[in-house]
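Geometric and topological summary
Residue-level listing of the chains:
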Amino acid sequence: MAGNGKLQTALLALGSLLMVASLILMVMIYSSLPGKPSEKASADAKRLAGELADNNLPEASIEEYKSILSAGGLDDKEQGAINYLIGKTYFEKIGDYEKAAAYYIRARALDPEGSYSDELGKNLIASLERMGRRLDAKRELDRQTNINPDTSRTAGKVIAKIGDRKITVTDFNEELRQLPQDMQDKINSPEEKRKFLDQVIGRDLIYHAALREGFDKETAVRKDLHRLEKEYLIQYYSQQKIAPTVRPDTADLRLYFNANKDKYGKKTFDAAREDVTRDYMNYIGSRAIMEYMKKLMQAEQVQVFEENLK
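Each helix and strand in the protein was counted, giving 14 helices and two strands. Sorting the 310 residues of the protein into buried and exposed places 26% on the buried side. Across the protein, the fraction of contacts at a sequence separation of at least 24, relative to all contacts at a separation of at least 6, is 47%.

Below you can see the structure in the form of structure tokens.
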């Protein structure tokens, strides 16, 4: 009996040890999981990001802000504020208006009533305008002023049917974006929109008539389509690979403005900034494309036979 008592005692002791070990393991695993960063760590990271921005190191500042987001544990309001600061840095310090707009929209989605909402709205509209997306900028202005509050809900609504094919508000707006800006500006009344819709419908009818009759299979058409595809891919590749490397800051823009003041009349730098940015991007963008072409030529070991040009 004594032996049985000792065995039971040993088993109980072993069970207790296993339970303690399991608890310790659970604590170790839980502590290794990503959680809410301490308030001090988060505050230190924000302070560092601000200092980096103040010292004209915007990209490093953005990376610091992103590290705060990736640490996890922030509520929507806190995430919204960080996304707003990233968008503001892209807008004010880097001039990357596409990324600025993206982060502004994220911030608004996370915290629509944030204390920064007024400035966010103005900068979002300005970003869209500077990207050349004036139609989207107008819609955003309408949204903010409640002129057309249901725009986002109507995007998928059908406005015309051609047999089984549907044309939605989104399709219509996409066709509208393809027009030159001055033409877009004129199509702002129900009457003008209806006229343009008739054009969209007519073009769709002609397109499908051409497909039915096999025009897309003709040799001349295939050659032209290949050429158009090539041109599109060149432009798209340049936008994705080369354009992101061209990020002028305010100092670059001021230097360009001072060297080309005659182009802007009596305008101050602030008044002409949008035009200056566009002109400078065209100027430095062309140089960047030429440099990229040279690198590709070297990498691909291009050979030129000038004697055959005669």
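Moving on to helix α13 (residues 250-259). Looking at α13, one finds that the buried residues are L253, Y256 and F257. Summarising the axial view, the buried residues of α13 lie within an arc of 100°, below the 170-degree limit, and thus occupy one face. Among the exposed residues of α13, those pointing more than 90 degrees away from its buried face are L255 and A259.

In the structure shown here, the tally under the stated rule is 14 salt bridges. Its salt-bridge partner being E174, residue R177 comes within 3.1 Å of it at the nearest N-O pair. Separated by three residues within a single helix, R177 and E174 lie in helix α9 (residues 169-177), roughly one turn from each other. Between D275 and R278 there is a salt bridge; the shortest N-O distance is 3.1 Å. Of this pair, D275 and R278 both sit in helix α14 (residues 269-299), separated by three residues, roughly a single helical turn. Judged by relative accessible area, D275 falls into the partly exposed class, the value being 23%. In this structure R278 comes out as partly exposed when scored by relative accessible area, which is 45%. When salt bridges with common partners are traced through the structure, they connect K263, K267, D275, R278 and D279 into a single cluster.

For the pair helix α5 (residues 97-110) and helix α6 (residues 117-130), interaxial distance at closest approach is 9 Å and the crossing angle is 150°. Along this stretch, α5 crosses α6, giving a crossing that reads as left-handed. Only L120, N123, L124, S127 and R130 of α6 make contact with α5, whose side of the interface consists of Y97, A100, A101, Y104, I105, A107 and R108. For the contact of α5 with α6, a count of residues per class yields eight nonpolar, two polar and two charged.

Where strand β1 (residues 158-162) meets strand β2 (residues 165-168), four bridges bridge the pair, whose relative direction is antiparallel. Bridge assignment links K161 to a residue of β2, and that residue is K166. In this structure, the hairpin formed by β1 and β2 is closed by a connection of two residues, where G163 is found at a positive phi of approximately 65°.

A few words on unusual backbone geometry. Even without a glycine there, the phi angle at Q301 is positive, about 55°. Looking at where Q301 falls in the secondary structure, it is placed in the segment after α14.

All right, on to a nonpolar patch on the surface then. Taken together, the side chains of I289, M290, M293, M297, V302 and V304 define a hydrophobic patch exposed on the protein surface, amounting to about 550 Å² of accessible area. Tracing the backbone through its elements, the reader meets M297 in helix α14.

On to the nonpolar core, then. In this structure, I86, Y90 and Y104 are the most contacted members of the largest nonpolar core, which totals 25 residues. Elements represented by at least two residues in this core include exactly α2 (39-54), α3 (58-70), α4 (76-94), α5 and α6. Not counting chain neighbours up to four residues away, the residues in contact with Y104 comprise Y84, G87, K88, F91, L120, N123, L124 and S127. A160, I162, F172 and I187 belong to the second largest nonpolar core, which has 11 residues in total.

Parameters and conventions
Residues numbered from 1 in each chain as written. Predicted model: local features only at pLDDT ≥ 70, side-chain atom pairs only at ≥ 80, totals over all residues. Heavy atoms only, no water. Helix = DSSP H or I, 4+ residues; strand = E, 2+ residues; numbered from the N terminus. Buried < 20%, exposed > 50% of the residue type's maximum accessible area, 1.4 Å probe, protein only. Contact = heavy atoms within 4.5 Å. Arc of directions from axis to C-beta. Salt bridge = Lys/Arg side-chain N within 4 Å of Asp/Glu carboxyl O. Axes fitted to C-alpha atoms, helices over the stretch in contact; angles between N-to-C directions. Left-handed = near helix turned anticlockwise from the far one by under 90°. Nonpolar A, V, L, I, M, F, W, Y, C, P; charged D, E, K, R; others polar. Pairing = 2+ DSSP bridges. Patch = residues over 30% accessible without salt bridge, like charges linked within 9 Å, V, L, I, M, F, W, Y side chains within 5 Å. Areas by Shrake-Rupley, 256 points an atom, 1.4 Å probe, with all protein chains shown as cover. Core = buried A, V, L, I, M, F, W, Y, C linked by side-chain atoms within 4.5 Å.

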